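Commentary on secondary and tertiary structure
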Amino acid sequence: MTKLTKNMYFTLAWRNIWRNKRRSYITIASVTFAVMLACTMRSVQLGSYERMIETAARFFTGYIQIHKNGYWEDKTIDNSFSYTEDLIEKVASVEGVLEVVPRIESFALASYDQKTKGTMVLGIDPEKEHKLTEVKDKLVEGEYLEADDQSIMIAKGLADYLRVGIGDSVVLIGQGYHGTNAVGIYPVSGIMKFPVPEQNNSTIYLPLKEAQWLYATGDQLSSLSLVIDKANHVDRIVAGISKDVDLEAYEVMGWKELMPELVQGIEIDNLSSKVMIWILYIVIGFGMFGTFLMMTAERMYEFGVLLSIGMKRIKMQFVIFLEMALMATIGVIAGVMISLPFIIYYHFHPIYFGGEMQAAIEDFGVEAAYYFSMQPSLFYNQAWAIFLMAGILSLYPLIVIHRLKPVKAMREN
Amino acid sequence: MSIIKALNITKTYNSTAVPVHALNGIDLEIEKGEFTAIVGPSGCGKTTLLNILGGLDHPTSGEVSLAGTNITTMQDGKLIDFRLRNIGFVFQAYNLIPVLTTQENVEFIMLLQKRPKKERDERALELLTQMGIADKASQRPSQLSGGQQQRVAVARALASKPQFILADEPTANLDSHSTSALLDIMAKMNKEEGATFVFSTHDQRVIDKARRIITLEDGQIISDETR
């Protein structure tokens, strides 16, 4: 009984691939290597972006913020807005919003003994803030704030600079609401350590009520930051809130608007990474083209015979296309299968740098670690790239077959 | 009834500085069931004539009708389909598909004709048995001798039940034993299946078996004798 059934084209293509095993292995291996390298590179890259976004949005600004209209253009304490239950209810009622976190933000000079430094002061609702930024987990010394405390939590880098410890009192001097003096002296109740150096070197937390007193804002807020169910629901939630609140009075911003520099930085870096990957694919593509060229040239006589005995050109072209698609598919699957365990492992066990490497990386203001992304797109995008390339390269044999004259093909071989 | 009819066929190759006139006004008719050899020295136009009769090449002028159909002006796609349904080819170098087994090679042409599987299997095995190589059904061409491969090629040519078979120097690469065996088989097929065979050859053993001998020289028929 023969195996040549309705899957004749597949059978022919599959067997043709293995006519020259060594060449096929080399071609498939080159595709495998390219996919493996591209998947790993992209995983690290996207992992870094995800971490940057998460660090910035999830642990600092939140994915969505609501301010008084104009605040983002002119971030002063004077552009604050009144806390109203009606506003909170409207925002909280939008599907996907898990918590509405009030904040007041301003700047102050922090002074202790002979040291002074400019700082960012965040007035927070300690419990709600933790739901947004998990700030309690950053505490490395002392106690977490209570809503009624009259003390501060200070970031470790800043504490080290000012040389303050738990129980020491720090003087805050700044400008309050509509030009009032904002002066206070607060004992340090907790010290926190943040992974992002900029945040770690300049942040002070105060309970919301105490910050409102310091800056003389009454019940005013700088922002409402939102805890949401999923990061990719940002656009939908922003649209939902924008329908319910008065956009003359308030501005509703997603993380991309809140951090345009970050978005732009990621886009530029992402573009350069894509260019690198395409260069890699083009190099691999030349190797694949060499194989396709040889496969075509050495079978001209056979094509001539097949055409003579009555095989239509389109069927021959289909078989050749299948051969290339099969080799590309095997290479892609092998590349993904090899890189996948590696990526999965490092996704759950990021690579952290220490020593001089850590210091050097942190000088650029980023966390000294490699995070690996597991976005499905990083795998299927490589597959598409390979298939697209194989598709383009397969045009050559398809054109050769289209123009083939059986007598000429058989005579010239 | 003529199954092959060629009228005033000429073929000129212009690929060189001086045009080469491969065929000069060939008129030819071949009846169904004939066992014909086209003979002549190398370069006399045997293969060119066979290619034109098989629709593999176009004449510079003249007309070819096969089984009542003028193929000279036929479109490429239709011509391929016509060849599939009407003509069997046997080439000098066997030309089997190397990745298919013997039986699959014979079956292949029937698959292209979309014949049912049962019919394909039966016909392929029947032909391989007639060729005396049924025991080689599952072997690949590279595992067969030249004579065996050529027998598979004949089986493949017959598998599609063509109107006629064109064989270009089918014994050129065979030893005398294989040549004799192949000729016996083709003669048997001609007799039993009524298959029309047209050979190009300069092999005397083939010429001896043929019932009609057309001799070409310088692209012209110089003799046409039936025995």
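The shown structure was predicted, so the numbers you read here are calculated from the model rather than taken from an experiment.

Notes on the domain arrangement of chain A
Each assigned domain of chain A is listed here: domain 1 (8-56 + 263-411) and domain 2 (70-246). Using C-alpha coordinates to define each centre, domain 1 of chain A is positioned 48 Å away from domain 2 of chain A.

Concerning the nonpolar core
Judged by nonpolar contacts, the single largest core of 183 residues is most densely connected at Leu172(A), Ile241(A) and Phe108(B). Of all the elements, helix α2 (residues 21-61) of chain A adds the most residues to this core, at twelve residues. Both of domain 1 (8-56 + 263-411) and domain 2 (70-246) of chain A provide at least three residues apiece to this core.

Digging into empty space enclosed by the protein
Summed over all chains, the structure comprises three cavities of 30 Å³ or more. The volume enclosed by the largest cavity comes to roughly 60 Å³. Taken together, Leu12(A), Asn16(A), Arg299(A), Glu302(A), Phe303(A), Leu306(A), Met311(A), Met316(A), Val319(A), Ile320(A) and Ile97(B) make up the full set of residues lining the largest cavity. Listing elements by their share of the lining of the largest cavity, those giving two or more residues are α1 (8-17), α11 (300-309) and α12 (313-348) of chain A. Residue composition of the lining of the largest cavity, grouped by class: eight nonpolar, one polar and two charged.

Some words on the layout of surface pockets
Residue and element names in this part refer to chain A. Within this model, the largest pocket holds a volume of roughly 1,200 Å³. Along its surface, the largest pocket is lined by 42 residues, and Ala56, Phe60, Val196, Glu198 and Met259 are the ones closest to its centre. Breaking the lining of the largest pocket down by element, the ones donating at least two residues are α2, β3 (97-112), β4 (115-124), α6 (197-200), α10 (260-297) and β14 (369-370). If one sorts the elements of the lining of the largest pocket by residue count, α2 sits on top with eight residues. In the lining of the largest pocket, the residues fall into 22 nonpolar, twelve polar and eight charged. In terms of domain composition, the lining of the largest pocket takes at least three residues from each of domain 1 (8-56 + 263-411) and domain 2 (70-246). Lining the second largest pocket are 30 residues; nearest its centre among them are Leu46, Tyr49, Ile266, Asn270 and Gln375. For the lining of the second largest pocket, the element with the most residues is α10, which contributes eight residues. The class makeup of the residues in the lining of the second largest pocket is 15 nonpolar, seven polar and eight charged. In terms of domain composition, the lining of the second largest pocket takes at least three residues from each of domain 1 (8-56 + 263-411) and domain 2 (70-246).

Quick notes on the sheet that holds strand β8 (residues 196-201) of chain B
Residue and element names in this part refer to chain B. On the basis of which strands lie adjacent, the open sheet formed by six strands has the order β6-β7-β8-β3-β9-β10 and mixed pairing. Single-partner strands in this sheet number two, and they are β6 (87-90) and β10 (220-226). This sheet shows a mean twist of 15 degrees between the axes of neighbouring strands, independent of strand direction. On top of the sheet, helix α5 (residues 146-159) reaches β6, β7 (164-168) and β8; it is set at about 170 degrees to β6, its chief contact.

Structural notes on the interface of chain A and chain B
At the interface, 26 residues of chain A touch 32 residues of chain B. Across the chain A/chain B interface, buried area totals approximately 2,500 Å², and carbon plus sulfur atoms make up 66% of it. Note that Glu104(B) is salt-bridged to Arg15(A), the shortest N-O span being 2.5 Å. Among the elements of the structure, α1, α11, α12 and α16 (406-412) of chain A are those that each provide at least two residues to the side of chain A that touches chain B. When the residues that make up the side of chain A that touches chain B are grouped by side-chain class, the tally is 13 nonpolar, five polar and eight charged.

Considerations on the sheet that holds strand β4 (residues 61-66) of chain B
Residue and element names in this part refer to chain B. Reading across the sheet, the four strands line up as β2-β1-β4-β5 and stay open at both edges, with antiparallel pairing between neighbours. Both outer strands of the open sheet, β2 (20-31) and β5 (69-70), are each paired with one neighbouring strand and no more. Pairing of β4 with β5 involves two bridges; the strand directions are antiparallel. Bridging from a neighbouring strand, Leu66 pairs with Thr69 of β5. Each of β1 (2-13), β2 and β4 touches helix α1 (residues 46-53); the most contacted strand, β2, lies at about 55 degrees to it.

Examining the side chain of Lys11(B)
Residue and element names in this part refer to chain B. The residue Lys11 is located in strand β1 in this model. Within the structure, the side chain of Lys11 is placed 3.4 Å from the side chain of Asp57, a separation counted as a polar contact. Each residue touching Lys11, except ones within four places of it in the same chain, is listed here: Val20, His21, Ala22, Leu23, Thr48, Ile52, Asp57, His58, Pro59 and Thr60.

Overview of the packing of aromatic side chains
Residue and element names in this part refer to chain A. The tally for this structure, following the rule as stated, stands at 18 aromatic pairs over all chains. Ring centres 5.8 Å apart and planes at 80 degrees place the aromatic pair Tyr9 and Phe318 in the edge-to-face group. Of this pair, Tyr9 sits in helix α1 while Phe318 is found in helix α12, placing the two residues 309 residues apart along the sequence. For Tyr9, a relative accessible area of 19% corresponds to the buried category. Among the residues examined, Phe318 registers a relative accessible area of 40% and is labelled partly exposed. Put simply, the rings of Phe10, Trp14, Trp18 and Tyr25 pair up and form one aromatic cluster.

Quick look at the packing of α10(A) against helix α14 (residues 376-393) of chain A
Residues and elements named next belong to chain A. Running from amino to carboxyl end, α10 crosses α14 at an angle of 40 degrees, the nearest separation of the two axes being 10 Å. Of the possible angle classes, the one that applies to α10 and α14 is oblique. Between α10 and α14 lies a crossing of right-handed hand. When α10 is examined against α14, the residues Ile277, Trp278, Tyr281, Ile282, Gly285, Met288, Phe289 and Phe292 are found in contact with a partner set consisting of Gln382, Ala385, Ile386, Leu388, Met389, Ala390 and Leu393. Per-class residue counts for the contact of α10 with α14 are 13 nonpolar, two polar and no charged.

Some remarks on the pairing of strand β1 (residues 64-68) of chain A
Residue and element names in this part refer to chain A. Within β1, four of the five residues are buried, leaving the element largely enclosed by the surrounding structure. Bridge analysis of β1 against strand β11 (residues 223-228) gives three bridges, and the strand direction is antiparallel. When the sheet's bridge partners are listed, Ile66 is paired in β11 with Leu224. Taken together, the five bridges between β1 and strand β12 (residues 250-254) define a ladder with antiparallel strand orientation.

Considering the environment of Ala297(A)
Turning to its location among the elements, Ala297(A) is positioned in helix α10. Taking the C-alpha atoms as reference points, Ala297(A) and Thr61(A), separated by 236 residues in sequence, lie 61 Å from one another.

A short note on the side chain of Asn95(B)
Along the polypeptide, Asn95(B) turns up in the loop between β6 and α3 (102-112). Residue class for Asn95(B) comes out buried when judged on its relative accessible area of 8%. A polar side-chain atom of Asn95(B) sits 3.2 Å from a polar atom in the side chain of Tyr301(A). Those residues in contact with Asn95(B) that lie beyond four places of it in its chain are Tyr301(A), Val305(A) and Arg156(B).

Calculation rules
Residues numbered from 1 in each chain as written. Chains lettered and ligands numbered in written order. Predicted model: local features only at pLDDT ≥ 70, side-chain atom pairs only at ≥ 80, totals over all residues. Heavy atoms only, no water. Domains from an automatic or database assignment. Core = buried A, V, L, I, M, F, W, Y, C linked by side-chain atoms within 4.5 Å. Buried < 20%, exposed > 50% of the residue type's maximum accessible area, 1.4 Å probe, protein only. Helix = DSSP H or I, 4+ residues; strand = E, 2+ residues; numbered from the N terminus. 1 Å grid on protein atoms, 1.4 Å probe; cavity = no way out; pocket = protein on both sides within 12 Å on 5 of 7 lines; lining within 4 Å. Points joined across faces, edges and corners; volume = space filled by probe spheres on them. Nonpolar A, V, L, I, M, F, W, Y, C, P; charged D, E, K, R; others polar. Pairing = 2+ DSSP bridges. Axes fitted to C-alpha atoms, helices over the stretch in contact; angles between N-to-C directions. Contact = heavy atoms within 4.5 Å. Buried area = accessible area lost by both parts, 1.4 Å probe. Salt bridge = Lys/Arg side-chain N within 4 Å of Asp/Glu carboxyl O. Polar contact = N/O pair within 3.5 Å; in protein donor to acceptor, adjacent residues only side chain to side chain. Phe/Tyr/Trp six-rings, centres within 6.5 Å; stacked < 30°, edge-to-face > 60°. Parallel < 35°, antiparallel > 145°, perpendicular 65-115°, else oblique. Left-handed = near helix turned anticlockwise from the far one by under 90°.

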